[in-house]
Amino acid sequence: MYKENCNMSDNLHFIHVGVGHFSNWWADNVIPNISGMATLVAVVDMNPAVKERAIKRFCMEERQFYTDLREALEKNKVDFITVATPPAAHESAVDLAIRFGCDIVCEKPVADDMESVARIYKKVNASGRKMIITMNNRFSQDKQSLEALITSGKYGPPHFVYGKLSMSSDRLLAQLPIVPTRPGHAAGPVGLICGASVHQIDIMRQMTGSKVKTVYASTWNPDWYKIKDDKLALVMMVMENGVRTVCEYSAVNAATANGWRNDYIRVECRDATLILDNRKIHVISDAGLPFEKYAEYDLLKRDDNLWEHALLIKNLIDWRNGGNEPDCSLYDNLNSIAAACAAAESSICGEAVDVGQYTARFFGGNQPL
Ligand SMILES: NC(=O)c1ccc[n+]([C@@H]2O[C@H](COP(=O)([O-])OP(=O)(O)OC[C@H]3O[C@@H](n4cnc5c(N)ncnc54)[C@H](O)[C@@H]3O)[C@@H](O)[C@H]2O)c1
């Protein structure tokens, strides 16, 4: 679809970096949906073997594929880059974007460890560039709808939020003779919590309207699951506004009850329990009139029907045009990624971690939170 709009002179121009597993999502669900706002001019992947697939999936011409981001930036003047390389490669892409005066849309997590997160933050901040982290799940239609119901105040303030992703997707790995390593993706609790649960941590911030104060986490595998990397995580957080939250993540359950984009989230408000389950919102209450015992709510609609990554990119463009700094800017995301890294540390040391103190360790006392 974007090809039809290639000549739109008011469109911004961008380069996409990274043609791995998740690039199919970008090619099918992101780039076509932003065609009226931004035009893809080049695709980069350091692995020349993906060239043919990249050209096909992204509807590019051969000359538009590069194996080096610097060369792509030298040959194409663009307004921003979209980064879908492994977390360990995010910082080098950010460095080049800053060098060439581009804004950045970067896949979560910001980086593969908190040292790199802090360096990226300081460099982006000093450069004045704008950077968005793609916490797309918070911007899905169901989560936006639940957030709107909470903030309407109709049922009073929340005091507890529980979130669940319960999936069977990684059970088959146990049958492989060798589990393939993923270069540039962290392993262990960091990989699990910063790579996956970070979405839930961010959603807990969205639903409570607060940053994370303290986190306690545990990651593990069932006895029968012999693969080294943990696939289950339990993250408990006390938020700065006093709301308690728990998130449960598993990729090795016997069945997928709540997969990506079909989360279960229960919000205990003063006058009702709000439940999002597989994209349906139910409300139950024993508080008496005027609160019904049971109600259902339709999901929100948007005229432009933009959600997830496309909505994040629209927000970046509005921000560039003088709008307010949106949710999921690098600044906004700092508490989510710090809470995720602190949760990984908690899982390793077995103790609760204060997220403010944890963050300060990486900012030399000048933490921006
Ligand atoms: N938002 C979401 O819901 C979501 C879901 C899945 C993955 N992700 C994120 O997307 C990113 C990519 O994940 P993936 O599973 O596609 O990874 P992947 O390992 O499958 O693919 C990464 C690609 O980047 C390329 N690459 C690595 N370093 C590079 C460099 N310096 N320059 C150019 N190309 C480089 C590799 O050759 C590979 O083709 C990660 O940050 C991941 O966390 C986000």
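Residues numbered from 1 in each chain as written. Predicted model: local features only at pLDDT ≥ 70, side-chain atom pairs only at ≥ 80, totals over all residues. Heavy atoms only, no water.

Engineer: Could you give an account of the packing of aromatic side chains, naming the residues involved and the relevant values?
Structural biologist: By the definition in use, this model includes 9 aromatic pairs. Ring centres 4.9 Å apart and planes at 0 degrees place the aromatic pair Phe14 and Phe80 in the stacked group. Here Phe14, found in strand E1 (residues 12–17), pairs with Phe80, found in strand E4 (residues 80–83); they are 66 residues apart in sequence, far enough to count as distant. Summarising the burial analysis for this pair, Phe14 and Phe80 share the class buried. One aromatic cluster is present, formed by Tyr155, Phe291 and Tyr297 through successive ring pairs. A cation sits over an aromatic face here: Arg99 above Phe100, 5.1 Å from the ring centre. Geometry around Trp25 places Arg261 over its ring, the cationic atom sitting 4.0 Å from the centre. (Phe/Tyr/Trp six-rings, centres within 6.5 Å; stacked < 30°, edge-to-face > 60°. Helix = DSSP H or I, 4+ residues; strand = E, 2+ residues; numbered from the N terminus. Buried < 20%, exposed > 50% of the residue type's maximum accessible area, 1.4 Å probe, protein only. Lys NZ or Arg CZ within 6 Å of the ring centre and 35° of its normal.)

Engineer: Quick one: what's the story with the confidence of the model for the protein, residue by residue and with numbers?
Structural biologist: Low-confidence regions, as indicated by low pLDDT, have predicted coordinates that should not be scrutinised in detail. Scored by pLDDT, the protein has a mean of 94; 96% of the residues are at 70 or more. Counting contacts from residues 1–8, a segment whose pLDDT is below 50, to residues more than four positions away or on other chains yields 14 contacts. (pLDDT = per-residue confidence, 0-100. Contact = heavy atoms within 4.5 Å.)

Engineer: Any chance you could break down the nonpolar core for me, citing the residues and the numbers?
Structural biologist: With 115 residues, the main nonpolar core has Ile15, Ile81 and Leu274 as its most contacted residues. Among all residues touching Leu274, those that are not within four sequence positions of it are Leu146, Leu149, Ile150, Tyr155, Ile265, Arg266, Val267, Cys269, His282 and Val283. (Core = buried A, V, L, I, M, F, W, Y, C linked by side-chain atoms within 4.5 Å.)

Engineer: Pulling in residues and values, what's your account of the environment of Arg205?
Structural biologist: Within the secondary structure, Arg205 sits in helix H7 (residues 188–208). Between the C-alpha atom of Arg205 and that of Glu351, which follows or precedes it by 146 residues, the distance is 21 Å. If sequence neighbours within four positions are ignored, Arg205 has contacts with Arg138, Ser210, Lys211, Val212, Met239, Asp332, Asn333, Asn335 and Ser336.

Engineer: Give me the lowdown on the site of the ligand, citing residues and values where you can.
Structural biologist: Among the 24 residues in the neighbourhood of the ligand, the closest are listed as His21, Phe22, Asp45, Lys108 and Asn136. His21 places a side-chain nitrogen or oxygen 2.6 Å from an oxygen atom of the ligand. Within the side chain of His199, a nitrogen or oxygen atom sits 3.2 Å from an oxygen atom of the ligand. If the ligand stood free it would expose 870 Å²; the protein chains cover 82% of that surface. Among the residues forming the shell around the ligand, the class breakdown is 9 nonpolar, 11 polar and 4 charged. (Near = heavy atom within 4 Å. Polar contact = N/O pair within 3.5 Å; in protein donor to acceptor, adjacent residues only side chain to side chain. Areas by Shrake-Rupley, 256 points an atom, 1.4 Å probe, with all protein chains shown as cover. Nonpolar A, V, L, I, M, F, W, Y, C, P; charged D, E, K, R; others polar.)

Engineer: An account of the sheet that holds strand E3 (residues 65–66) is requested, with residue identities and associated values reported.
Structural biologist: Pairing is parallel across the open sheet formed by 6 strands, whose spatial order is E3-E2-E1-E4-E5-E6. Two strands lie at the open edges of the sheet, namely E3 and strand E6 (131–134), each paired on one side alone. When E1 meets strand E2 (residues 38–44), the two strands line up parallel, connected through 6 bridges. By the bridge assignment for E2, His16 is matched with Val43. (Pairing = 2+ DSSP bridges.)

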